[in-house]
Amino acid sequence: MAVDKLAGTGAIFFLITLAGFLIVVGVQYRNMTAANERLTILISRTAMFLPLYSFFMLISLAAPRALGAMQIPIAFVEGYSFYCFLSVLVENLGGPAKAVEALQDRPLICCTSQCPTEPDKLYNKVVWAVFWFVSLRPVVVIIGAICEYSESNGAKVAYLLFSLVAFAILVRSTIHFVLF
């Protein structure tokens, strides 16, 4: 059985990301001390995103019919990586109170009218965006994946709607996260 070029490229991308992840984690743990243990673990968890994502996409490229099912673990991996990245930022800043304090020391530039100008409100909005990204988006993706495998036209329309809602949650959460 021959592997098509797209799946082969996906496999190479997966191997590259896996090697990069192993190098990053190896360096992180080699230099880990008691003082930076929590930060090292959070960075390793955040770095796990790319190899996991590329693995699930490799499965989708090798078996295109599996894309609907692969969207479920991808949604969980994306949510978890956003959560870990926010944890790394807050840990680096010294905790939630210090994060808000650090935001007070700089002018807040927002690209949307819904962005709060007070640092504590912005921090809370970012935390809520990550919460929606971790909790609601996977549920929407699961329902959409179930609809994708149904043969009825109504389910196909529902799949499209749920995919758009999941994408909207992704965009909205990402905008709030980037503003942080």
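Reading guide: rules and limits
Residues numbered from 1 in each chain as written. Predicted model: local features only at pLDDT ≥ 70, side-chain atom pairs only at ≥ 80, totals over all residues. Heavy atoms only, no water. Salt bridge = Lys/Arg side-chain N within 4 Å of Asp/Glu carboxyl O. Helix = DSSP H or I, 4+ residues; strand = E, 2+ residues; numbered from the N terminus. Core = buried A, V, L, I, M, F, W, Y, C linked by side-chain atoms within 4.5 Å. Buried < 20%, exposed > 50% of the residue type's maximum accessible area, 1.4 Å probe, protein only. Patch = residues over 30% accessible without salt bridge, like charges linked within 9 Å, V, L, I, M, F, W, Y side chains within 5 Å. Areas by Shrake-Rupley, 256 points an atom, 1.4 Å probe, with all protein chains shown as cover. 1 Å grid on protein atoms, 1.4 Å probe; cavity = no way out; pocket = protein on both sides within 12 Å on 5 of 7 lines; lining within 4 Å. Points joined across faces, edges and corners; volume = space filled by probe spheres on them. Nonpolar A, V, L, I, M, F, W, Y, C, P; charged D, E, K, R; others polar.

**Describing the pattern of salt bridges**
Between side chains of opposite charge, a pair can form when the charged atoms approach closely.
At step 1: Here the structure, examined in full by the defined rule, presents two salt bridges.
At step 2: With a closest N to O distance of 3.9 Å, Glu91 and Arg38 form a salt bridge. Here Glu91, found in helix 4 (residues 67-93), pairs with Arg38, found in helix 2 (residues 37-47); they are 53 residues apart in sequence, far enough to count as distant.
At step 3: Ionic pairing is found between Glu78 and Arg137, a salt bridge with its closest N-O pair at 2.6 Å.

**Considerations on the nonpolar core**
At step 1: Core analysis: the largest hydrophobic core is formed by nine residues, namely Leu86, Val90, Ala99, Val100, Leu103, Leu122, Tyr123, Val126 and Val130.
At step 2: Listing elements by their share of this core, those giving two or more residues are helix 4, helix 5 (96-104) and helix 6 (119-148).
At step 3: A per-element tally of this core places helix 6 first, with four residues.

**Section: a nonpolar patch on the surface**
At step 1: Together, Trp128, Phe131, Trp132 and Leu136 line one region of the surface with nonpolar side chains, adding up to about 420 Å² of accessible area.
At step 2: Mapped onto the fold, Phe131 is located in helix 6.

**A few points about the layout of surface pockets**
At step 1: One number sums up the size of the largest pocket: a volume of about 270 Å³.
At step 2: With six residues, helix 7 (residues 153-179) is the single largest residue contributor to the lining of the largest pocket.
At step 3: Here the residues of the lining of the largest pocket are counted per class, giving twelve nonpolar, three polar and two charged.
At step 4: As a volume, the second largest pocket reaches approximately 160 Å³.
At step 5: Of all the secondary structure elements, the ones that give two or more residues to the lining of the second largest pocket are helix 4 and helix 6.
At step 6: For the lining of the second largest pocket, the residue count by class is nine nonpolar, one polar and no charged.

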